[in-house]
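Survey of secondary and tertiary structure
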Amino acid sequence: TSTLEGLTALVTGGASGIGLATAQLLGECGADVAVVDLDPTDIPTSMRGFTADVTDDDSVRSAVDRAARGLGGIDILVNNAGIGAAGTVEDNSDEEWTRVLDVNVLGIVRTTRAALPYLRRSAHPSVVNTCSIAATAGLPQRALYSASKGAVLSLTLAMAADHVREGIRVNCVNPGTVDTPWVGRLLDAAADPVAERAALNGRQPTGRLVTAQEVAAAIAYLASPAAGSTTGTALAIDGGMAGL
Ligand code: NAD
């Protein structure tokens, strides 16, 4: 776990779930880590926390600049902040569509735009976006969420093409159903959370949910110099959901 020694990393949505596990693992791998979130007060003291809303360009720029000053640069950007949405095209309002696309897609655009000047000064620059198997799986009741993650996938490929000559690698991870506070909230809303969790486990080819640490490990690999020839790829961490 010393593959990120000497590197700096910025993780959005790093106060919970996949982002928190990623920030912790990047730190264990030797990186100096900053976390950007709506409320980063609860993050471990080993990390630097910066408050920003990825839908607000000024707050993103300010947080990225302050994080880069504190870290002494940015080598690794993990665009992980995201929100969910359930329903078919008949269920979500235009306002809900605008809101989810603003967070999940434009949030990546704003953060990357603010971080690119720092990434350009790095010897090992890379970006990892948290996408989802929803980008390609055709999940029921997830029209808006799937469209937002489909855009994240295309954006990842386009950004990889745009910045490959500058040596900036851009990849994404496609998690399946990950055991995070987000999924916990969905289960808590069910009539019988225990039965619902058992049913959810049963729908996974592996018989269990993906852990946030397993997604973090994939992000850490894609962000590391060891993945120096990997750009414009999507790595599935989905318990076999997409492939089986
Ligand atoms: P989570 O709710 O535990 O964490 C998400 C974090 O993002 C939170 O700390 C939240 O405060 C932050 N955030 C939300 N909106 C923000 C905003 N506007 N500005 C700044 N920060 C904001 O969720 P998670 O499950 O860890 O999800 C993280 C990412 O993983 C998301 O992009 C999600 O779409 C993706 N994902 C999750 C799953 C899953 O099953 N949990 C599966 C596939 C993909």
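All values reported here derive from a predicted model rather than from experimental measurement.

A word on helix 2 (residues 57-71)
Its 15 residues give helix 2 an end-to-end C-alpha distance of 21 Å, which sits within 8% of 21 Å, the value for a rise of 1.5 Å per residue. Here helix 2 has its buried residues at Val-60, Ala-63, Val-64, Ala-67 and Ala-68. For helix 2, the arc enclosing every buried residue in end-on projection is 130°, short of the 170-degree limit, so these residues lie on one face. Among the exposed residues of helix 2, those pointing more than 90 degrees away from its buried face are Asp-58, Arg-69 and Gly-70. Looking at the buried side of helix 2, the elements it contacts are strand 1 (8-12), strand 2 (32-37), strand 3 (48-51) and helix 3 (94-119). Gly-72 sits one or two residues past helix 2 and shows a positive phi near 80°.

A look at the nonpolar core
Judged by nonpolar contacts, the single largest core of 73 residues is most densely connected at Ala-9, Leu-10, Leu-26, Val-215 and Ile-219. Excluding residues within four positions of it along the chain, Leu-10 makes contact with Ala-34, Val-36, Val-64, Ala-67, Ile-74, Leu-77 and Ala-115.

Remarks on the confidence of the model for the protein
Predicted confidence across the protein gives a mean pLDDT of 96, with 99% of residues reaching 70 or more. Here the predicted complex scores 0.97 on pTM and 0.99 on ipTM.

Description of the site of the ligand
Among the 26 residues in the neighbourhood of the ligand, the closest are listed as Gly-13, Ser-16, Gly-17, Gly-82 and Thr-180. Taken together, the elements giving at least two residues each to the shell around the ligand come down to helix 1 (17-28) and helix 6 (181-188).

Comments concerning the pairing of strand 1
Working note: regular strand, side chains alternate between the two faces of the sheet. Among the 5 residues that make up strand 1, 5 are buried, leaving the element largely enclosed by the rest of the structure. Because side chains alternate across strand 1, one face comprises the buried residues Thr-8, Leu-10 and Thr-12, and the other comprises Ala-9 and Val-11, equally buried. Relative to strand 2, strand 1 runs parallel, the two being bridged by 5 bridges. Directly across from Val-11, in strand 2, lies its bridge partner Val-35. Since strand 1 and strand 2 lie parallel, the crossover through helix 1 that links them has a hand, and here it is right-handed. Across 3 bridges, strand 1 lies against strand 4 (residues 76-79) in parallel orientation.

Observations concerning the UniProt feature "domain: Ketoreductase" (unreviewed entry) in the protein
The sites that UniProt annotates as "domain: Ketoreductase" (unreviewed entry) are residues 7-181. As a span, residues 7-181 carries 45% helix and 19% strand, and end to end its C-alpha atoms are 29 Å apart.

Some points on the packing of helix 2 against helix 3
Two elements in contact, helix 2 and helix 3, have axes whose closest approach is 9 Å; the angle formed by their N-to-C orientations is 30°. With respect to helix 3, the element helix 2 is oriented roughly parallel. For helix 2 against helix 3, the interelement crossing comes out right-handed. Contact residues: Asp-57, Val-60, Arg-61, Val-64 and Ala-68 in helix 2; Arg-110, Thr-111, Ala-114, Ala-115 and Tyr-118 in helix 3. The residue makeup of the contact of helix 2 with helix 3, split by class, is 6 nonpolar, 1 polar and 3 charged.

What counts and what doesn't
- Residues numbered from 1 in each chain as written.
- Predicted model: local features only at pLDDT ≥ 70, side-chain atom pairs only at ≥ 80, totals over all residues.
- Helix = DSSP H or I, 4+ residues; strand = E, 2+ residues; numbered from the N terminus.
- Expected span 1.5 Å × (residues − 1).
- Buried ≥ 20, exposed ≤ 12 C-beta atoms within 10 Å, placed from the backbone.
- Arc of directions from axis to C-beta.
- Contact = placed C-beta atoms within 7 Å.
- Core = buried A, V, L, I, M, F, W, Y, C linked by C-beta atoms within 7 Å.
- pLDDT = per-residue confidence, 0-100.
- Near = placed C-beta within 6 Å.
- Pairing = 2+ DSSP bridges.
- Right-handed = clockwise from strand over helix to strand, strands pointing away.
- UniProt positions renumbered as here; feature names shortened; annotations may be inferred.
- Axes fitted to C-alpha atoms, helices over the stretch in contact; angles between N-to-C directions.
- Parallel < 35°, antiparallel > 145°, perpendicular 65-115°, else oblique.
- Left-handed = near helix turned anticlockwise from the far one by under 90°.
- Nonpolar A, V, L, I, M, F, W, Y, C, P; charged D, E, K, R; others polar.

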